Amino acid sequence: MTAQSISERLDAAMMVLKTHDAMHLADGLDRLDEDALDAFVQQIAGIDFEEFARLRETPETGETANAKIEPALVVPRRPENEDAYRRAGAEAISRGEIAAFTVAGGQGTRLGWNGPKGTFPAACITGKPLFRMFAEQLNAIDAKYGITTSWYVMTSPLNDRDTRAFFEDNNWFGRPLDSILLFPQGVMPAMDDDGRIMLAEPGRIAVSPDGHGGSLRALDRSGALEHARSRGVRHLSYFQVDNPSVRTIDPLFVGLHLEHPESSVEMSSKMIPKANAAEKVGVFCRIDGRTQVIEYSDLPTGLAEETDDRGRLRFIAGSIAIHLLSVDFIQRLTRGDADSGLPFHRARKKVPYWDSDRGETRQPDAPNATKFEMFVFDALHFADRGLVYETDRVEEFAPIKNATGVDSAESSAMLQTERAARWFEANDVAVPRNAEGEVEGRIEISPATGLESCDLADVDLPKMEPGQDLVV
Ligand code: UTP
């Protein structure tokens with residue numbers, strides 16, 4: 001078979017554009033050299049125009065409008081038979097059945113860090129980058145359980161090269177090469193207010209990653225599910241790249257996922273109690289008997305503020321984007337009929353666009369485009385029963401989303417120190433605190449020293465002086 005010339009492939013791309021009434025995307029092609037034309041042809045081939053047309057015609061429905069919404073059932077932090085669940089989880093981990101799965105394909109626009117978010121220096125004293133923090137946890141898990149944990153990292157076409165280079169520059173954090181798989185997620189074109197796909201500049205369509213929910217089909221399409229199966233992995237421990245306090249693989253959570261009567265062993269999730277009714281996190285609910293997450297913006301205010309007879313919020317189960325998903329379940333969702341695909345949500349964004357009259361790319365001052373994204377928690381809807389387990393904010397949630405203020409590196413560092421201080425205190429080592437109870441100084445505990453408080457029982461912890469920075 002002879003390879004097609006660039007002009008033949010360009011002709012084929014033009015046919016596609018004509019068929020889908022999208023010839024505006026061919027604007028300015030005469031300015032491009034052969035490499036740029038080649039990239040354009042490939043981009044056209046990667047776009048699912050039919051899916052785009054379907055989405056354009058289908059406005060997002062407020063599915064919850066007429067549904068009966070109840071709070072989700074939640075397994076408490078210290079469940080009955082905790083030790084038995086923890087043991088069951090540890091056994092599954094020792095058999096190598098649990099892999100880590102980091103979603104790192106987001107654009108991190110709020111943080112404004114020049115590079116993939118996972119390269120951000122997040123550890124409160126040493127400034128270790130997020131990817132290193134996770135890798136060191138996995139190294140410690142491997143040592144504890146005598147295994148090699150598989151690690152899947154989802155990137156996007158926009159940050160894949162930089163992410164890969166970072167792993168290479170760091171010698172894959174000393175982890176066996178065949179146990180790590182980086183793969184890019186899909187992208188979706190941005191839509192302008194006339195319902196057309198947008199052009200960013202000649203030869204380049206404005207696209208963005210298709211949301212963390214895109215991780216499920218990306219796992220399938222990239223071969224990661226096959227890789228997992230071939231290594232005996234049966235469940236993925238899903239977490240976001242921007243939470244340095246996440247327990248990458250948690251034996252108790254694994255045990256609950258595998259053996260709790262409320263679990264269908266398909267998808268389980270962690271929650272933390274919301275700090276107040278207005279906190280901007282999705283909430284686990286039950287809709288017509290099924291567990292689901294409702295985005296904070298979609299939960300009617302009346303419900304968000306409802307309290308029980310003890311004055312506690314009824315809809316209190318805040319989602320922190322930590323899930324366990326079985327490989328079979330993901331396969332069922334991604335290979336099933338069209339009805340079982342995750343829905344797309346719309347978001348208004350500012351997207352730079354090509355102005356053909358002026359012959360330049362323009363930066364809009366106000367949102368001018370709709371982006372389409374899938375959310376991973378929508379997969380819960382397809383699980384027979386989604387288990388929700390309560391955890392503690394300080395123990396597991398110190399997200400870095402913004403450059404300053406709420407959910408910033410600074411607030412995360414305080415939470416990291418607070419957790420470390422609690423671990424010290426739980427092991428009878430006092431930590432200096434001021435009158436407000438804040439730790440005076442900073443503490444960072446390396447995963448090699450301990451993955452949880454009880455791991456410190458045999459460690460000779462140093463005494464901390466006020467104002468000291470302590471790394472153990
Ligand atoms: P966020 O919703 O916080 O988005 O992602 P973001 O892209 O990181 O940041 P902003 O909104 O642009 O400031 C939550 C998690 O989901 C991942 C992110 O990498 C992060 O770990 N994510 C998000 C993806 O992997 N792909 C996406 O398409 C979106």
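Preceding this section is the structure that the text describes.
Residues numbered from 1 in each chain as written. Predicted model: local features only at pLDDT ≥ 70, side-chain atom pairs only at ≥ 80, totals over all residues. Heavy atoms only, no water.

So, on to the overall build of the protein. When you go through the protein residue by residue, the secondary structure sums to 13 helices and 21 strands. Computed over its C-alpha atoms, the radius of gyration of the protein comes to 24 Å, within 12% of the 23 Å expected for a compact globule of 472 residues. Burial statistics for the protein: of 472 residues in total, 53% are counted as buried. By sequence separation, contacts in the protein at least 24 residues apart represent 75% of the contacts at least 6 residues apart. For the protein, the exposed surface amounts to about 22200 Å²; the carbon and sulfur share of it is 46%. Charged side chains in the protein number 52 positive and 77 negative. The centres of these two groups are separated by 1 Å. (Helix = DSSP H or I, 4+ residues; strand = E, 2+ residues; numbered from the N terminus. Rg over C-alpha atoms; globule rule 2.2 N^0.38 Å. Buried < 20%, exposed > 50% of the residue type's maximum accessible area, 1.4 Å probe, protein only. Contact = heavy atoms within 4.5 Å. Areas by Shrake-Rupley, 256 points an atom, 1.4 Å probe, with all protein chains shown as cover. Lys, Arg positive; Asp, Glu negative; His and termini not counted. Charge placed at Lys NZ, Arg CZ, Asp CG, Glu CD.)

Our next topic: the packing of helix H1 (residues 6-19) against helix H2 (residues 34-46). Relative to each other, H1 and H2 sit at 40 degrees, their axes nearing to 10 Å. Considering their axes alone, H1 and H2 lie oblique with respect to each other. Handedness of the H1/H2 crossing: left-handed. Mapping the contact onto sequence places Ile6, Arg9, Leu10, Ala13, Met14, Val16 and Leu17 in H1 and Glu34, Leu37, Asp38, Phe40, Val41 and Ile44 in H2. Classifying every residue of the contact of H1 with H2 gives 10 nonpolar, no polar and 3 charged. (Axes fitted to C-alpha atoms, helices over the stretch in contact; angles between N-to-C directions. Parallel < 35°, antiparallel > 145°, perpendicular 65-115°, else oblique. Left-handed = near helix turned anticlockwise from the far one by under 90°. Nonpolar A, V, L, I, M, F, W, Y, C, P; charged D, E, K, R; others polar.)

Looking now at H2. With 13 residues, H2 extends 18 Å between its outermost C-alpha atoms, agreeing within 8% with the 18 Å of an ideal straight helix rising 1.5 Å per residue. Within H2, the full set of buried residues consists of Leu37, Phe40, Val41 and Ile44. In an axial view of H2, the angular spread of the buried residues amounts to 100 degrees, which keeps them on one side of the axis. Exposed positions of H2 whose direction lies more than 90 degrees from the buried face are Asp35, Gln42, Ala45 and Gly46. Looking at the buried side of H2, the elements it contacts are H1, helix H3 (49-57) and strand S8 (204-205). (Expected span 1.5 Å × (residues − 1). Arc of directions from axis to C-beta.)

For the rest of this paragraph, the subject is the pattern of salt bridges. In the structure shown here, the tally under the stated rule is 37 salt bridges. Across the pair Glu82 and Arg78 runs a salt bridge whose closest N-O atoms are separated by 2.9 Å. For Arg78, a relative accessible area of 56% puts it in the exposed group. In this structure, the salt-bridge partner of Lys270 is Asp250, at a minimum N-O distance of 2.7 Å. Note that Lys270 is positioned in strand S11 (residues 267-273) and Asp250 in the loop between strand S10 (235-240) and helix H9 (251-259), a separation of 20 residues in sequence. The same class applies to Lys270 as to Asp250, namely buried. Taken together, the shared-partner salt bridges connect Arg78, Glu82, Arg86, Arg247, Asp250, Lys270, Glu396 and Glu452 into one network. (Salt bridge = Lys/Arg side-chain N within 4 Å of Asp/Glu carboxyl O.)

Our next topic: the packing of aromatic side chains. Within the structure shown, the criterion is met by 13 aromatic pairs. For the pair Trp151 and Phe167, a centre-to-centre distance of 5.5 Å together with 55 degrees between the ring planes defines the contact as tilted. With Trp151 in strand S3 (residues 151-155) and Phe167 in helix H6 (residues 160-169), the pair connects residues that are 16 residues apart, well separated along the chain. The buried category is assigned to Trp151, whose relative accessible area is 0%. (Phe/Tyr/Trp six-rings, centres within 6.5 Å; stacked < 30°, edge-to-face > 60°.)

With that out of the way, let us pick up the pairing of strand S19 (residues 387-390). Each regular strand carries side chains that alternate between the two faces of the sheet. Taking every second residue as pointing to the same face, both faces of S19 are buried, with Leu387 and Tyr389 on one and Val388 and Glu390 on the other. By the bridge criterion, 4 bridges tie S11 to S19 in an arrangement that is parallel. Paired with Ser268 across the strands is Leu387, a residue of S19. (Pairing = 2+ DSSP bridges.)

Take unusual backbone geometry next. Residues other than glycine seldom take positive phi values, yet Asn81 does so here, at roughly 60 degrees. Along the chain, the position of Asn81 falls in the loop between strand S1 (69-71) and helix H4 (82-94). With phi around 50 degrees, Asp288 is a residue other than glycine that occupies positive phi space. Within the secondary structure, Asp288 is located in the loop between strand S12 (283-287) and strand S13 (290-294).

Reading across the sheet, the 3 strands line up as S6-S18-S15 and stay open at both edges, with antiparallel pairing between neighbours. Both outer strands of the open sheet, strand S6 (191-192) and strand S15 (345-349), are each paired with one neighbouring strand and no more. Both S6 and strand S18 (residues 369-373) contribute to a ladder of 2 bridges, which runs antiparallel. Across the sheet, residue Asp192 finds its bridge partner in S18, namely Ala369.

This brings us to the site of the ligand. Looking at the ligand, there are 18 residues lining it, with Gly105, Gln107, Thr109, Gln185 and Lys401 nearest. Within the backbone of Gln107, an N or O atom sits 2.8 Å from an oxygen atom of the ligand. Measuring from a nitrogen atom of the ligand, one finds a side-chain N or O atom of Gln185 at 2.7 Å. Of the residues that constitute the shell around the ligand, the class distribution is 5 nonpolar, 9 polar and 4 charged. (Near = heavy atom within 4 Å. Polar contact = N/O pair within 3.5 Å; in protein donor to acceptor, adjacent residues only side chain to side chain.)

Turning our eyes to something else, we now look at the environment of Pro76. With respect to the helices and strands, the residue Pro76 is situated in the loop between S1 and H4. C-alpha separation for the pair Pro76 and Glu452, spaced 376 residues apart in sequence, amounts to 18 Å. Aside from chain neighbours lying at most four places away, what touches Pro76 is Tyr389 and Glu390.

With that settled, consider the nonpolar core. Within the largest apolar cluster, 61 residues are counted, with the highest numbers of intra-cluster contacts made by Leu17, Phe101, Leu219 and Leu236. Listed in part, the 46 residues of the second largest apolar core include Ala92, Ile98, Phe134 and Phe166. (Core = buried A, V, L, I, M, F, W, Y, C linked by side-chain atoms within 4.5 Å.)

Of all 10 residues in strand S14 (residues 317-326), 10 are buried, a share of seventy percent or more. Here S10 pairs with S14 via 4 bridges, running antiparallel. Bridge assignment links His235 to a residue of S14, and that residue is Ser326. The pairing of S11 with S14 spans 6 bridges and is antiparallel. When the bridges of S14 are listed, Ser269 appears paired with His323.

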